[in-house]
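# Summary of the model geometry
Here is what each chain is made of, one letter per residue.
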Amino acid sequence: MKHHLSSLLFVLCVLCIAKQSECYKILAIVPTPSYSHQIPYRQLWLELHKRGHEVVLATSDPIPNIKSPNFTQIDISQSYGIIKKLDFVQMRFEGKRWTYFIEEEMLPMSKVFAETVFNSTELRKLYAPDSNATFDVFLTEFLYLPSTCAFAHRFNIPIIGLSSLGLVGFNEHALGGLILPSHEYTWEMEDNTGTNLSFFKRLCNFVTMWRTIYYIYHEMVPQHQKLAEEYFGPLPPLLDLLKNVSMLFVNQADVMTPARPKLANMITFTASHIEKIPKALPKDLQAFLDGATNGFIYFSLGSNAKSATLPLEIRRMFCDVFAKLPYRVVWKFEEDFPGKPDNVYIGKWLPQQSILAHPNIKLFIYQGGLQSSEETVHYGVPVLGFAILADQDYQVARMEALGIGKRLEITTLKKDELENAITELITNKKYKERILYIRNVVRDTPYDPVENLAWWTEYVIRTKGSPHLRSSLAFQPWYQRCDMDIVVFLAIVIFLIASTTLHLIAKILVYIPKNIKSTEKQKIS
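- In the nomenclature of an unreviewed UniProt entry, the protein is known as UDP-glucuronosyltransferase 2B15-like isoform X1 of Bombus vosnesenskii.
- Recorded in UniProt under Sequence similarities (unreviewed entry), the annotation for the protein is "Belongs to the UDP-glycosyltransferase family."

Rendered as C-alpha cells:
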C-alpha cells in the first residue's frame, strides 16, 4: 500500500513539474488606440491565461474585472487623444483617400502611439537594461509601427504579428508575400479594386501602391528606427526584425474575403469577440424594440466615425427617409438631436450585439467595420454600407458581392436612392436567405478559432520561432522575387534579335531591287 502511495505521489509530482514547464511568459502589445483593434484578441489573452501562461498585455482598452497575478494589464489609452482630434467623416467628404492619410497623418500618429508604449512606466521597468524580466514570445500589432519589434530584440524572443483588418501591403511585401494592387483583397486601394479593371485603373493602382510602400520603407521605417533606438539603444535594422516574424494572426473569415495566395505562416480567424449570450438591453431601449411591430433598423457609423459630424443636409435626408418608413430606427448619434422623427431612438452609446440579436431587427446601416461585418453575419442581419475610412470600402464591397447587402456612397447620396435601397434590402427575402447561408459557412469549422490561435502561440514557442514557416522571399531583392531581372534580360535579348533580324530583312529588301535594276541595265547594254 505504501509502495502504491509513494508511486502515486511521484506521478503527481512529475505531472506538476510537467505542467509547470509548459507555462510560458507572454508579452502582448496592441498599440493602436481603437476598440476595434483590441477586441478581436481579447479571447486569445484570456485563453492563454486559462491555459496557465503568464500574460503581460499593453492595451488601450483593458479587459474589465480581471484580478489575477498571472495576468497584468498595462493601460496605454492616453494615445486616444490624437485619434479623437481626427474627423474621418469630413475627410471622406473632402475626398481624401487612405494613401493620403498614410503619408500626411499616419507617421506622426504612429510615433505618438509608439512613444506612448515606450514611455509607459510599467513597460520601461520591463525593458530597462538592468531588468531581469524574461518572456517566451511577443505578440504585437502589425500595422504601421515597426518600432515595437524592438521588444522582441530586447528579450530575444520570436514575434507573432496581429492584424484586425487584413495585412497591409507594406507588411505583405516585407514578409515575402505577393503585392496585387488591383486585387479585391488590397483594401488600401479602397473602391478602385476589382476584376476586369481597365488598364489605366490598374496602372494608377500599381503606381499608388508602390509609391506608398516606398514611402513607408524610406520615410516611416527610418524614423521609427531612430525613435526605438532612443529608448532601447543600438538595434539591428527594424526591417530585419520584422522579417523574422514567426506567425501572423489575421482577423478575417475566409468566406468573407476574396481568395488569394497567403503566406504559409498566416493563420486567419473570425468572430472571436462575439458574445455567446448578448448583454441585456437598457429597459427603455428594450421597450422601444419590442414595440417595433413592423421591425426596426439599426444605424451606426462605429466608434471612430461619428454620425454627429455628418453634414446637416445628409442628417436631414436620413431623417426624412426614416420618417416615411413603417419601421422604427435606432441611431447611434453622439450628440443631442432636436427635431428627430418620432420613430427614431437616439443613443450616444449602444450595445450593438444585443441590438443585432433582437428578433425584430430588419436591417443594419453601418460604415463597413470588420467586427460589425462579423457581428451582422453572426446574427443574420442584411446590411446597407456607407464606407468612411480605411478597409471599409473593401468590406462593404465584399458584403455586396456576397449578396448580403448593398453599398452606397455617402458623399453623393440621394433621398430616393437611400429609400429604395432600404426597401429592397428589407422586402427582398434573398438578402436574408443569403446571409443565413454565409453564416452557416463561417461557422462550419473543425476547431474553435481561439483555441487554435492559442495552440499556434505555444507551437511558436516550442519550435523556437517556427523558422520553417517563414517565406524565404522576404530576404530576396525585389527584382529577384518575380525574376524581373530575367524578364528584363530576355526582353533585351528578344529586342536585339528582333531588331537585328529586321535590320537584315530591310537590307535584303533594299539590296534585291538594286541588284535587279543593275542586272537589267547590263542586259540592255
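### Side note on the overall build of the protein
- From N to C terminus, the protein includes 21 helices and 13 strands.
- Structurally, the protein occupies a C-alpha span of about 125 × 75 × 50 Å along its principal axes.
- Counting the 525 residues in the protein, one finds 51% classified as buried.
- Residue pairs in contact within the protein that sit at least 24 positions apart in sequence constitute 66% of those at least 6 positions apart.
- As displayed, the protein has an accessible area near 25900 Å², and 58% of this comes from carbon and sulfur atoms.
- Taking the 55 positively charged and 52 negatively charged side chains of the protein as two groups, their mean positions are separated by 4 Å.

### Things to note about the sheet that holds strand β1 (residues 25-30)
- Pairing in this open sheet of seven strands is parallel, and the strands run β3-β2-β1-β4-β5-β6-β7 from one edge to the other. Edge positions in the sheet fall to β3 (71-75) and β7 (266-269), since each of these pairs with one other strand and no more. Direction aside, neighbouring strands of the sheet carry axes that sit 15° apart on average.
- In this sheet, β7 lies alongside strand β6 (residues 247-251) in parallel orientation, the contact comprising four bridges.

### What about the pairing of strand β2 (residues 54-59)?
- Most of β2 sits out of view: five of its six residues are buried.
- Across five bridges, β2 lies against β3 in parallel orientation. By the bridge assignment, Thr 59 is partnered in β3 with Asp 75.

### Regarding helix α10 (residues 199-232)
- Taking 1.5 Å per residue, 34 residues should reach 50 Å; α10 reaches 47 Å between its end C-alpha atoms and fits that length.
- Where α10 bends most, the angle comes to about 35°, and this point is Ile 216.
- Gly 233 sits one or two residues past α10 and shows a positive phi near 85°.

### Digging into the pattern of salt bridges
- Enumeration according to the criterion identifies 15 salt bridges in this entry.
- With a closest N to O distance of 2.7 Å, Asp 393 and Arg 92 form a salt bridge. Placement of Asp 393 in helix α16 (residues 392-401) and of Arg 92 in helix α5 (residues 88-93) is noted, with a sequence separation of 301 residues between them. Comparing Asp 393 with Arg 92 shows no difference in burial state: the two are buried.
- Where Asp 191 meets Arg 97, a salt bridge forms, and the shortest distance between an N and an O atom there is 2.9 Å. With a gap of 94 residues between them, Asp 191 in the loop between α9 (169-174) and α10 and Arg 97 in the loop between α5 and α6 (98-118) connect regions that are remote in the sequence.
- Under the relative-accessibility criterion, Arg 97 is labelled partly exposed at 33%.
- Taken together, the shared-partner salt bridges in this structure form one network comprising Glu 47, Arg 51 and Glu 458.

### Focus: the packing of aromatic side chains
- As enumerated under the stated definition, the model contains 32 aromatic pairs in all.
- Note on Phe 318 and Trp 331: the rings are 6.0 Å apart at their centroids and 55° apart in plane angle, and the pair reads as tilted. Within this pair, whereas Phe 318 is found in helix α13 (residues 312-324), its partner Trp 331 is found in strand β9 (residues 328-332), the two being separated by 13 residues in sequence.
- The exposure class of Phe 318 is buried, given its relative accessible area of 0%.
- One aromatic cluster is present, built from ring pairs that chain together Phe 299, Phe 318, Phe 322, Trp 331, Phe 333, Phe 337 and Phe 386.
- One cation-aromatic arrangement involves Lys 25 over Phe 135; the distance from NZ or CZ to the ring centre is 5.7 Å.
- The ring centre of Tyr 185 lies 3.7 Å from the NZ or CZ of Arg 260, which sits over that ring.

### A few points about the environment of Leu 227
- Relative to the assigned elements, Leu 227 resides in helix α10.
- Sequence separation of Leu 227 and Thr 268 is 41 residues, and the distance between their C-alpha atoms is 31 Å.
- Setting aside anything within four residues of it in sequence, one finds Leu 227 in contact with Lys 111, Ala 114, Glu 115 and Phe 118.

### Here's the deal with the domain arrangement of the protein
- Along its sequence, the protein is organised into domain 1 (20-269 + 447-469), domain 2 (283-427) and domain 3 (476-500).
- Here domain 1 and domain 2 have C-alpha centroids that lie 30 Å from each other.
- Taken together, the contacts link 24 residues of domain 1 with 26 residues of domain 2.
- Counting the surface lost from both domain 1 and domain 2, the interface buries some 2300 Å², and carbon and sulfur atoms represent 61% of this.

### Side note on the sheet that holds strand β12 (residues 383-385)
- Strand order in the open sheet formed by six strands is β10-β9-β8-β11-β12-β13, with parallel pairing between adjacent strands. Each having just a single partner strand, β10 (344-347) and β13 (405-407) make up the two edges of the open sheet. On average, each strand axis in the sheet is inclined to that of its neighbour by 15°, with strand direction left out of account.
- Packed onto the sheet, α16 meets β11 (361-366), β12 and β13 and runs at close to 135° relative to β13.

### Notes on helix α18 (residues 429-443)
- Between its first and last C-alpha, α18 extends 22 Å over 15 residues, near the 21 Å set by a 1.5 Å rise per residue.
- Of all the residues in α18, the buried ones are Tyr 431, Ile 435, Ile 438 and Val 442. Taken down its axis, α18 places every buried residue within 60° of arc, on the same side. Exposed and facing more than 90 degrees away from the buried side of α18 are Lys 429 and Glu 433.
- The inward-facing, buried residues of α18 contact α15 (370-378), β13 and α17 (415-427).

Calculation criteria
- Residues numbered from 1 in each chain as written.
- Predicted model: local features only at pLDDT ≥ 70, side-chain atom pairs only at ≥ 80, totals over all residues.
- Heavy atoms only, no water.
- UniProt positions renumbered as here; feature names shortened; annotations may be inferred.
- Helix = DSSP H or I, 4+ residues; strand = E, 2+ residues; numbered from the N terminus.
- Buried < 20%, exposed > 50% of the residue type's maximum accessible area, 1.4 Å probe, protein only.
- Contact = heavy atoms within 4.5 Å.
- Areas by Shrake-Rupley, 256 points an atom, 1.4 Å probe, with all protein chains shown as cover.
- Lys, Arg positive; Asp, Glu negative; His and termini not counted.
- Charge placed at Lys NZ, Arg CZ, Asp CG, Glu CD.
- Pairing = 2+ DSSP bridges.
- Axes fitted to C-alpha atoms, helices over the stretch in contact; angles between N-to-C directions.
- Expected span 1.5 Å × (residues − 1).
- Bend = angle between axes of the 7 residues up to and from the residue.
- Salt bridge = Lys/Arg side-chain N within 4 Å of Asp/Glu carboxyl O.
- Phe/Tyr/Trp six-rings, centres within 6.5 Å; stacked < 30°, edge-to-face > 60°.
- Lys NZ or Arg CZ within 6 Å of the ring centre and 35° of its normal.
- Domains from an automatic or database assignment.
- Buried area = accessible area lost by both parts, 1.4 Å probe.
- Arc of directions from axis to C-beta.

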